[in-house]
Every structure is written in C-alpha cells, then in structure tokens.
Amino acid sequence: MTTQIRSFNRSPFIDVTFVILGILLGLIIALMGGLLWLNYQNDPANNILVATSSHVVGNIPTWWQTVFYKEAHIMGLPLTEETKAYWYIARSSGIFAYLLLWFATVWGITMSSKMTSTLIATPVTYGLHEFFPILATIFATLHAVILLGDSYIQFNIIHLIIPFISPYKPLWTGLGVIALQLCIALIVSFYIRKRTGHKIWRGFHYLSYLAFVLVLIHGLMAGSDSQFILIKGMYLLTGLSILFLTYYRLFTLRFKQKRIA
Amino acid sequence: MSRRKRPKFTTNAKITVAALSVMGFVGGWNLIAHVEKPSEPEPAPLPTAWPTVAPLSEIPPVPTLMPISMPIQEEGHAVGVEIQIAPIPTLAPIPTLAPLPDMPVIQPQDWGNESWGS
Ligand code: HEM
C-alpha cells in the first residue's frame, strides 16, 4: 500500500493577498480603537463604551447583577487607586503559571521517558508539550506585568527585567525574574533549534529543570499564599513529583545505555 | 483510499485549554479575594447585665430608730425620750451602674477648618 503525499504549492499571489488583508484588518481595528478612545476622552461619563456596557448590564437579570456587583467589589473592581485587585491578580496568575509550568515539565519528562507513548498519539503529546510552556509563560508575564499597577509594592519596568533589585524581597523576586527570562529563552530555542543544531538545543533544554526549581523557590519564598497549608502542600507535591520523575528518567536512561552496551 | 486521520493537538483544543485556564485564573482571583476579604465587623457587645438595683429581698434592713415604750410622766411637758440606734449591720455593696461600652473615637472631618466663633 502506498500513500501519496501531494505537495501543495501556494502561489505567491495568495500569500500577498492574505498579507494585504491582514494589514487592512489591523488598520480597521486600530482605527476603531482610536475612535473609541477619542469618544471616551471627549466625555468620560457619557460615551459609546459606557452606553454599551450599561445596555449589556441592563439586560442581565437583576439577581445576577447583584451577585456580579458583589463579587466584582470583593475582587477589587473597579480599579480605583486603593484597589487590591492587582495584588490578587498577581497571586492568582503566579500560582496558575506555576501549575502550568509544572504540568509542562511533568509532560516533558513523561514524553522523553516514553511513558505515554502507548496511550497518547505522539503528535498530541508533542503538541501539549509545545503549548503548555507557552501558556505558562503568558500567565507568568501577566503575573509580572500586573505588579506594575500595585501601588503598595511600587515596582517599575526595570525591576521586572533586572534580577535582585526589586523593592520587595529582592532575592526571592530575583529568582522569578531569572525564571521568566529562562522560560522565554527556552520557548525561543525550540523554534530556532534547526539553526542552533539539535545537540545545542537539547543541552539548553535541560535548563527547563532549573527554571522549574527557580520558580518553586520563588513562589514559596516570595508568595503571600505560602502561609496556607494547602499551598505549601501544593509546592511539596509538585516538587516531589518532579523529583520522582527525574529519578525515573535517569534510571530508564541508564538501563537503555546498559542494553546498548 | 482514505488514510486513518492521526489525532493532533488541534487549534480548537488549544482554544479550549486556554479558555479553561482563563476561567481557572479568574476563579483563583475570586478565591484569593474571598480569603483576603476583611471579616465583617463584629457587632458591638451588648452591655453586660448589671444589677443596677439589688433585688429588694436581698437588701438588708436599713438601720432605723428604735421606738421605746415609756410611761408618760408629766402632762404638758416634753418628755425626754431615750433614743437608741439599732446596731448597724455590715453594709451591703452599694449598687452601681454598669461600665459604659468602649466608645469609638470620632473626629470631625473638617477638624481645624471651621472658623470657631467667627
Ligand atoms: C519578572 C518576573 C517575576 C517577577 C517580578 C515576580 C514577582 C513576584 C512577586 C513580587 C511575588 C509575591 C507576590 C505575593 O504573593 O504577594 C511573586 C509570587 C509568585 N510568583 Fe512570581 N515573579 C516573576 C516570575 C514568576 C514566574 C516566571 C512564575 C511561574 C512560572 C512565578 C510564580 C510565582 C508564584 C507561584 C508566586 C506565589 C504567589 C502566591 O503565593 O500567591 N513568578 N512573584
């Protein structure tokens, strides 16, 4: 049985058309955003945004409105000067980024140990391992950037780029700064691995273990939620699981090497 | 001839995972906000029951003048009556008022801005 793979040559004309369409769409969106902004500036109390949102809110049943208003108020919305919403968002996104990174690391080890190869199709396994670190890095970036809004902690953009100079727990926050940069570098390295060569990429990819450990220490030591037993348990369980899987991976690697020899 | 389609981590799956993540993150935000929510101020304690007036049955008899029966000796003259004061028993504690609850310190908002007496 032979399978025919048809090569599909896209014409450059189609490519150019899509590029032009993309640019046009971008321009239209930018123009609409600009118009909305001007309209808002003109009268902050009575503009298209206010009218639309009150229309939307008006259509929500009253019972839901009460619940929404109450929850939004508890969550620190709307964003006034003394709001704690930035702090809450930083904490939630930090923990979420950590869990996603943990999952990505677990998935990476199970993938390289071929633990799931009989259960899950390889493209799905690879797809997940490619996607989760990106999602984790997006949440980690949100976690870092949102700190700029917190009036209590007083961060500026330099504190997010240069490690160990932040006004809040500089050592432990510094580990987070390095971890984020490492996460970004690990993602970029994946997409340029053909240029760097597989060996260099593989060597660099081992730094993902370091990234995970840095984030674990960062979260545990800098986080406000580490005081809670549930969060301490989360760090313990996730940390131990990575330790166990790493041992397993090293063990299977040695076994394989012995068999080859 | 049709080939079996190999499962892939599709764009739809990515959008679903991303949407679930956003929901989880907002849920976490809400949970943290609830944990941090300052607990409702406790209602002011009710004034403790205080026996401002002791029950009559417990009040010991008040010392009074003791009348003495004596024969009247002379008509039209004041009679020297010997008065004896009944022995004073140990006095019961004097009933008092309950202590006042703590009062909040209230500062006028525009303290110092008013022109007093002008
Ligand atoms: C520029 C990079 C980073 C900065 C400036 C930063 C800063 C901070 C700060 C100030 C806190 C303490 C917030 C608090 O709980 O009061 C914190 C906590 C935390 N960060 Fe980061 N971080 C960075 C990167 C990361 C990364 C890459 C991750 C994970 C992938 C991460 C995960 C966490 C976690 C899990 C906590 C604990 C949250 C809690 O206890 O509620 N951070 N970070």
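Please read all numbers here as calculations on a predicted model, not as lab measurements.

Novice: Describe in detail the site of the ligand, supporting the description with residues and values.
Specialist: Residues and elements named next belong to chain A. In the neighbourhood of the ligand, 26 residues make up the surrounding shell, with Trp87, His143, His218, Ser224 and Asp225 lying closest. Here tryptophan 87 contributes a side-chain N or O atom positioned 3.0 Å from an oxygen atom of the ligand. Aspartate 225 places a side-chain nitrogen or oxygen 2.4 Å from an oxygen atom of the ligand. At the level of secondary structure, the elements contributing two or more residues to the shell around the ligand comprise α4 (85-112), α5 (122-146), α7 (170-191) and α10 (207-222). Broken down by element, the residue count for the shell around the ligand peaks at six residues, all from α4. Of the residues belonging to the shell around the ligand, the class tally is 16 nonpolar, eight polar and two charged.

Novice: Mind laying out the coordination of the iron atom of the ligand, listing which residues take part and the relevant values?
Specialist: Residues and elements named next belong to chain A. Taken together, His143 (NE2) and His218 (NE2) make up the full set of protein donors to the iron atom of the ligand, lying 1.9 to 2.0 Å away. Coordination geometry of the iron atom of the ligand: the six donor atoms subtend angles of 85 to 179° at the metal centre, consistent with an arrangement described as octahedral. Residue histidine 143 is found in helix α5, and its partner histidine 218 is found in helix α10; the two are separated by 75 residues along the sequence. Looking at histidine 143, the relative accessible area reads 22%, which means it is partly exposed.

Novice: Give me the lowdown on the layout of surface pockets, citing residues and values where you can.
Specialist: All names here are of chain A. Roughly 1,000 Å³ of internal volume is contained in the largest pocket. As for the largest pocket, its lining consists of 39 residues, of which Gly108, Met111, Ser112, His129 and His205 are closest to the centre. Contributing elements (two or more residues each) for the lining of the largest pocket: α4, α5, α7, α9 (198-205), α10 and α11 (229-260). The residue inventory of the lining of the largest pocket, partitioned by class, reads 20 nonpolar, 14 polar and five charged. Along the wall of the second largest pocket there are 37 residues; nearest its centre are Ala90, Gly94, His143, Leu147 and His218. Among the elements of the structure, α4, α5, α6 (157-161), α7, α10 and α11 are those that each provide at least two residues to the lining of the second largest pocket. Of the residues belonging to the lining of the second largest pocket, the class tally is 23 nonpolar, eleven polar and three charged.

Novice: Provide a residue-level description of unusual backbone geometry, including the pertinent values.
Specialist: Residue and element names in this part refer to chain A. Here glutamine 154, not a glycine, exhibits a phi torsion of approximately 55°, which is positive. Positive phi outside glycine occurs at lysine 169, with the angle close to 35°. Tracing the sequence through the fold places lysine 169 in the loop between α6 and α7. When its relative accessible area of 35% is taken as the criterion, lysine 169 is described as partly exposed.

Novice: Account for the pattern of salt bridges, with residues named and values stated.
Specialist: Inspection of every chain in the model, using the stated rule, returns two salt bridges over all chains. Among the ionic pairs, aspartate 225 of chain A bridges to arginine 91 of chain A, the shortest N-O distance being 2.5 Å. Of this pair, aspartate 225 of chain A sits in the loop between α10 and α11 while arginine 91 of chain A is found in helix α4, placing the two residues 134 residues apart along the sequence. Arginine 91 of chain A carries the same exposure label as aspartate 225 of chain A, and that label is buried. Taking the shortest distance from any N to any O, the salt bridge between glutamate 36 of chain B and arginine 91 of chain A comes out at 3.2 Å. With one member in each of two chains, glutamate 36 of chain B in helix α1 (residues 11-36) and arginine 91 of chain A in helix α4 form a pair that bridges those chains. When its relative accessible area of 8% is taken as the criterion, arginine 91 of chain A is described as buried. Among the ionic contacts, a cluster of salt bridges with common partners joins Arg91 and Asp225 of chain A together with Glu36 of chain B.

Novice: Got a sec to walk through the interface of chain B and chain A? Specific residues and values, please.
Specialist: Size of an interface: often given as the accessible area lost when the parts come together. Taken together, the 23 residues of chain B in the interface contact 27 residues of chain A. When the area that chain B buries against chain A is broken down by residue, the three leading residues are Phe9, Phe25 and Trp29 of chain B, summing to 30%. Linking chain B to chain A there are one salt bridge. Along the contact surface separating chain B from chain A lie six residue pairs in polar contact (both at pLDDT 80 or more).

Novice: Any details on the confidence of the model for chain B? Residues and values, ideally.
Specialist: All names here are of chain B. Mean pLDDT over chain B: 72, with 48% of residues reaching 70 or higher. The least confident element of chain B, judged by mean pLDDT, is strand β2 (residues 84-85) at 66; the most confident is α1 at 95. Taken as a whole, residues 114-118 scores under 50 in pLDDT and shows zero contacts with residues more than four places along the chain or in a different chain. Among the scores for the predicted complex, ipTM is 0.78 and pTM is 0.70.

Criteria and cut-off values
- Each chain has its residues counted from 1, following the order in which its sequence is written.
- Working convention: letters from A go to chains and numbers from 1 go to ligands, in the order in which they are written.
- Whole-chain, interface and lining totals are the exception, using all residues; otherwise, since this is a predicted model, local features are given only for residues with pLDDT of at least 70 and side-chain atom pairs are given and counted only at 80 or more.
- Excluded from the side-chain calculations are hydrogens and water; all other atoms, namely the structure's heavy atoms, are used.
- Here a residue is considered near a molecule or strand provided that any single heavy atom belonging to it is located within 4 Å of it.
- Think of a polar contact as two N or O atoms within 3.5 Å of one another; within protein, one of them needs to be a possible hydrogen donor and the other a possible acceptor, and neighboring residues in sequence only count if both atoms come from side chains.
- Put simply, DSSP marks the helices as runs of H or I at least four residues long and the strands as runs of E at least two long, and each gets a number from the N terminus on.
- Side-chain classes are defined by residue name, with Ala, Val, Leu, Ile, Met, Phe, Trp, Tyr, Cys and Pro counting as nonpolar, Asp, Glu, Lys and Arg as charged, and the others, Gly among them, as polar.
- Water is not among the atoms examined, so metal sites may look incomplete; donors are the N, O and S atoms within 2.8 Å of the metal, or within 3.2 Å for Na, K and Ca.
- Any site counts as irregular unless it has four donors with all angles between 85 and 135 degrees, making it tetrahedral, or four or six donors with opposite ones more than 155 degrees apart and the rest between 65 and 115, making it square planar or octahedral.
- When a residue's accessible area, from a 1.4 Å probe over protein chains only, is under 20% of the maximum for its type it is buried; when over 50% it is exposed; and in between it is partly exposed.
- For cavity detection a 1 Å grid was placed over the protein atoms alone, and a set of points counts as a cavity when a 1.4 Å probe fits there but cannot get out; an open set counts as a pocket when protein lies on both sides within 12 Å along at least five of seven lines, with lining residues being those that have an atom within 4 Å of a point.
- Grid points are joined across faces, edges and corners, and a volume is the space filled by probe spheres set on the points.
- Between Lys or Arg on one side and Asp or Glu on the other, a salt bridge is scored when a side-chain nitrogen of the former is within 4 Å of a carboxyl oxygen of the latter.
- By definition, residues are in contact when any of their heavy atoms lie within 4.5 Å.
- Buried area is understood as the total, over both parts, of accessible area removed when two parts are fitted together, assessed with a 1.4 Å probe.
- Scored from 0 to 100, pLDDT records how confident the predictor is in each individual residue.

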